[in-house]
Amino acid sequence: MRTFRTPCANNNGFSTVAAVTALLILVALFLFPRFVESPYTLHIMILFFLSTIMGGSWNILGGYTGQYSVGHAAYFGAGAYTTMILMQYKQVPPWYGIWGGIAIVVVVALFIGSICFRLRGPYFVLASIAVAEIMRLTAMNLKDLTNGAEGILATEIPPFTMGGTVITDFLTKVPFYYIGLVLAILTIIVTWLVQNSKLGYCFQAIREDQDAAHSLGINLTIYKNIALIISAVFTSLAGSFYAVYIGFIDPPTVLALDISVQIVLICIIGGIGTIYGPVVGSLVLVPLSEALRSNLIAQAIFKTGMVSEESGIGVFLKDHLAHAHALIYGILVVIVILFMPDGVLGFIKKLTAKKAVTGDRLTVTE
Amino acid sequence: MAILEIKHVSKFFGGLAANSDVSFEMGEGMIMGLIGPNGAGKTTLFNCITGYYPPSRGEILFKGERMNGLQPDRVCKLGMARTWQKVRPLAKMTVLDNVMVGALCRTNSLKVAREMAMEQIRVVRLDLRINFPAGGLPIGERKKLEVARVLATQPQLLLLDEVMGGLNPAESEEIIRLILDIKRRGITQMVIEHDMKAIMRISDRIVVLNSGEKLAEGTPEEIVNNRDVVTAYLGEYHA
């Protein structure tokens, strides 16, 4: 039987190369802390993993199922708060606490789903924001439980022991690096499993056209809630991980709207509804925001010698460019959305597809 | 036994009666044509039968079971599937994936679903397009995709809402042959169509709706010679 091949469908040779590359990257990532000791570099890597987990979990609900939740801070915060409260006030070690976080997040997610999934499109987005804001205000005011606006500071993390032997005492960043790496890989694996199962097909059908999906025998309520729960559980894990790693949480850092927006941006920049979109998005956004915050751009300008550090403009840049990091970040995000509507990954795919098409034409004319 | 019984079905939107007191029966294996001028309530009746609207009054029985109030996904699982007047391809998914979504209604295995989907894709002759994104298909192929997708849900009763709308004569002819082919496989069909020649050719019986009410029912010959029907379509002068 003859089959019609689109330019990007011919991927047999490509997939072996991809598999080997993925394996090499994985080995490199696992060996990374053996060669790099700089806590700052490790910190950036941990932020990268965290961002991948957050983006990857949103991707299941927003990217595959098309339910654009801008209220994922609710699950991030719920996980963070549960783990921190259990650790700080009940002396429950975080590796048990995260399960508490997951249990609570599932309940919260089903509750939020029962309200928000009655709505579609922009109304769903607004409802998801509203519910997350309710969670933030609740955490702000339930002072007995959450310590309100003062937040919770972790005084110490109990060492992780297994059968009497101490595996790690969490004194360096290395254990966090590995936990983050494993969670990020887990998120990617789960995304892959979803995409290559009935779930993925049903999710995408709902994203493309709810009514058509419904008429093809897909129970919208059940599948939307499955997507929400997978998504919420991983966001909660990210929240718990963040809380224990940073050691301090308060409502503005884990429950605020900017967290929700950030999570969405990771996917939009990388490529919505693709396995590696969140990875690419994190790869762009984490170094970018870090570079802007630590004023690397001004330093780079000085290095090129275009502007001297002592001149009037140089002093201005030195003093103010770092403060404008949110502005520059915002402008860059707008540029990416305008010129790469399918994200960086989609943009790259389009470029390679174009090349493949012109290649085909060449062989035809020969 | 009748596969589908419509008993005194009415649907009101506020004060407007989109369907009022419509009743008819469909025998197994037949093709029922559903015709009527624009706004006669044909698509509303489809929506009531397939669970998108609950009927305001009356009863819908499929294989003797009451269908009122069932959700569309349950209706599909029970063996009744529909296409849409305005086609609804899952645009970013490929043709094969579109049809697989239909097949996944009957199986949990992607492998089985892929085989089931390929079978239906061959029936509608879209096999050269399987890896093509559905959103990029021309209208004629979108209509065929729509049919392949519902066939993959293994229905016993198929409701086709204007599958020939917007097609050129050659494409329409292809769809007519497809519908007759489906009939040969023992699947009962209800067909909404505006192309009178086509509907007269394929239907075993025809129901005519006019402003929400059933105006006439009978074989194609009876309908063509029915004075009321001609009046509804062309006005008093021609009747």
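Our structure's up above, just so we're on the same page.
Parameters at a glance
Residues numbered from 1 in each chain as written. Chains lettered and ligands numbered in written order. Predicted model: local features only at pLDDT ≥ 70, side-chain atom pairs only at ≥ 80, totals over all residues. Heavy atoms only, no water. Helix = DSSP H or I, 4+ residues; strand = E, 2+ residues; numbered from the N terminus. Rg over C-alpha atoms; globule rule 2.2 N^0.38 Å. Buried < 20%, exposed > 50% of the residue type's maximum accessible area, 1.4 Å probe, protein only. Salt bridge = Lys/Arg side-chain N within 4 Å of Asp/Glu carboxyl O. Patch = residues over 30% accessible without salt bridge, like charges linked within 9 Å, V, L, I, M, F, W, Y side chains within 5 Å. Areas by Shrake-Rupley, 256 points an atom, 1.4 Å probe, with all protein chains shown as cover. Disulfide = S-S within 2.5 Å. Contact = heavy atoms within 4.5 Å. Buried area = accessible area lost by both parts, 1.4 Å probe. Polar contact = N/O pair within 3.5 Å; in protein donor to acceptor, adjacent residues only side chain to side chain. Nonpolar A, V, L, I, M, F, W, Y, C, P; charged D, E, K, R; others polar. Pairing = 2+ DSSP bridges. Lys, Arg positive; Asp, Glu negative; His and termini not counted. Charge placed at Lys NZ, Arg CZ, Asp CG, Glu CD. Axes fitted to C-alpha atoms, helices over the stretch in contact; angles between N-to-C directions. Phe/Tyr/Trp six-rings, centres within 6.5 Å; stacked < 30°, edge-to-face > 60°. Lys NZ or Arg CZ within 6 Å of the ring centre and 35° of its normal.

1. Focus: the overall build of chain A
Next up, step 1: For chain A, the helix and strand inventory stands at 17 helices and 4 strands.
Next up, step 2: Relative to the globule expectation of 21 Å for 366 residues, the C-alpha radius of gyration of chain A, 22 Å, shows essentially globular dimensions.
Next up, step 3: Expressed along its principal axes, the backbone C-alpha trace of chain A runs to roughly 75 × 65 × 45 Å.
Next up, step 4: Looking at chain A as a whole, 48% of its 366 residues qualify as buried.

2. Observations concerning the pairing of strand 3 (residues 31-35) of chain B
Next up, step 1: Across the 5 residues of strand 3 of chain B, 5 count as buried, placing the element largely inside the fold.
Next up, step 2: Burial along strand 3 of chain B is two-sided: the face carrying Ile31, Gly33 and Ile35 of chain B and the face carrying Met32 and Leu34 of chain B are both buried.

3. Comments concerning the pattern of salt bridges
Next up, step 1: One pass over the structure, following the stated rule, counts 16 salt bridges over all chains.
Next up, step 2: Where aspartate 211 of chain A meets arginine 120 of chain A, a salt bridge forms, and the shortest distance between an N and an O atom there is 3.4 Å. Residue aspartate 211 of chain A is found in helix 9 (residues 210-215), and its partner arginine 120 of chain A is found in the loop between helix 4 (94-116) and helix 5 (121-141); the two are separated by 91 residues along the sequence.
Next up, step 3: Between glutamate 59 of chain B and arginine 66 of chain B there is a salt bridge, with its nearest N and O atoms 3.0 Å apart.

4. Description of a nonpolar patch on the surface
Next up, step 1: Taken together, Leu327, Ile331, Leu332, Val334, Ile335, Leu338 and Phe339 of chain A make up a surface patch of nonpolar side chains, about 690 Å² in accessible area.
Next up, step 2: Turning to its location among the elements, leucine 338 of chain A is positioned in helix 16 (residues 325-339).

5. What to know about the state of the cysteines
Next up, step 1: Taken as a whole and assessed by the stated rule, the structure comprises 0 disulfides over all chains.
Next up, step 2: Note on cysteine 202 of chain A: no disulfide assigned, nearest cysteine sulfur contributed by cysteine 105 of chain B at a separation of 9.4 Å.

6. A word on the interface of chain B and chain A
Next up, step 1: Listed by partner, the interface residues are 35 residues for chain B and 23 residues for chain A.
Next up, step 2: Counting the surface lost from both chain B and chain A, the interface buries some 2,500 Å², and carbon and sulfur atoms represent 62% of this.
Next up, step 3: The three residues of chain B that bury the most area against chain A are Asp73, Leu128 and Asn131 of chain B, which together make up 21% of that side's buried surface.
Next up, step 4: Our count for the contact surface shared by chain B and chain A stands at 2 salt bridges.
Next up, step 5: Ionic pairing is found between aspartate 209 of chain A and arginine 88 of chain B, a salt bridge with its closest N-O pair at 2.7 Å.
Next up, step 6: Between chain B and chain A we count 12 residue pairs in polar contact (both at pLDDT 80 or more) in total.
Next up, step 7: Breaking the side of chain B that touches chain A down by element, the ones donating at least two residues are helix 2 (72-78), helix 3 (95-103), helix 4 (110-123) and helix 5 (139-151) of chain B.
Next up, step 8: The class makeup of the residues in the side of chain B that touches chain A is 18 nonpolar, 6 polar and 11 charged.

7. Notes on the environment of isoleucine 226 of chain A
Residues and elements named next belong to chain A.
Next up, step 1: Within the secondary structure, isoleucine 226 is located in helix 10 (residues 220-246).
Next up, step 2: Spatially, the C-alpha atom of isoleucine 226 lies 17 Å from that of phenylalanine 124, the residues being 102 residues apart in sequence.
Next up, step 3: The residues touching isoleucine 226, leaving out its near neighbours within four places in the chain, are Leu199 and Phe203.

8. Points about the sheet that holds strand 5 (residues 65-66) of chain B
Residue and element names in this part refer to chain B.
Next up, step 1: If you walk across this open sheet you meet the 4 strands as 2-1-4-5, and the pairing is antiparallel. Among the strands making up the open sheet, the edge pair consists of strand 2 (16-27) and strand 5.
Next up, step 2: Looking at chain direction, strand 1 (residues 2-13) and strand 2 are connected through 8 bridges and run antiparallel. The partner of valine 9 across the bridge, within strand 2, is valine 22.

9. Structural notes on a positive patch on the surface
Residues and elements named next belong to chain B.
Next up, step 1: Positive charge collects at one region of the surface, where Lys63, Arg74, Lys77 and Arg106 lie side by side.
Next up, step 2: Here arginine 106 is to be found in the loop between helix 3 and helix 4.
Next up, step 3: With relative accessibility at 33%, the residue arginine 106 sits in the partly exposed group.

10. Observations regarding the sheet that holds strand 3 of chain B
Residue and element names in this part refer to chain B.
Next up, step 1: If you walk across this open sheet you meet the 6 strands as 6-7-8-3-9-10, and the pairing is mixed. Single-partner strands in this sheet number two, and they are strand 6 (80-82) and strand 10 (213-218). Taken pair by pair, the neighbouring strands of this sheet meet at an average axis angle of 15 degrees, ignoring direction.
Next up, step 2: Of the pairings in the sheet, the one linking strand 7 (residues 157-161) to strand 8 (residues 188-192) comprises 5 bridges and is parallel in character. The partner of aspartate 161 across the bridge, within strand 8, is isoleucine 192.

11. Considering the packing of aromatic side chains
Next up, step 1: Taken as a whole, this structure holds 14 aromatic pairs over all chains when the rule is applied.
Next up, step 2: Between the aromatic rings of phenylalanine 49 of chain A and tyrosine 177 of chain A, the centroid separation amounts to 5.2 Å while the plane-to-plane angle is 70 degrees, which identifies the pairing as edge-to-face. Here the residue phenylalanine 49 of chain A occupies a position in helix 2 (residues 39-64), and tyrosine 177 of chain A occupies one in helix 7 (residues 174-195), the gap between them amounting to 128 residues. Summarising the burial analysis for this pair, phenylalanine 49 of chain A and tyrosine 177 of chain A share the class buried.
Next up, step 3: Seen in terms of ring centroids, phenylalanine 241 of chain A and tyrosine 245 of chain A are 6.2 Å apart; in terms of plane orientation they differ by 10 degrees. Their pairing is stacked. Note that phenylalanine 241 of chain A and tyrosine 245 of chain A are positioned in helix 10 at a spacing of 4 residues, about one turn of the helix. Tyrosine 245 of chain A carries the same exposure label as phenylalanine 241 of chain A, and that label is buried.
Next up, step 4: A connected cluster of aromatic rings, assembled from ring pairs, spans Phe30, Phe32, Phe48, Phe49, Tyr177 and Tyr178 of chain A.
Next up, step 5: The cationic tip of arginine 88 of chain B hangs over the ring face of tryptophan 84 of chain B; the distance from NZ or CZ to the ring centre is 4.3 Å.
Next up, step 6: One cation-aromatic arrangement involves arginine 129 of chain B over phenylalanine 132 of chain B; the distance from NZ or CZ to the ring centre is 4.6 Å.

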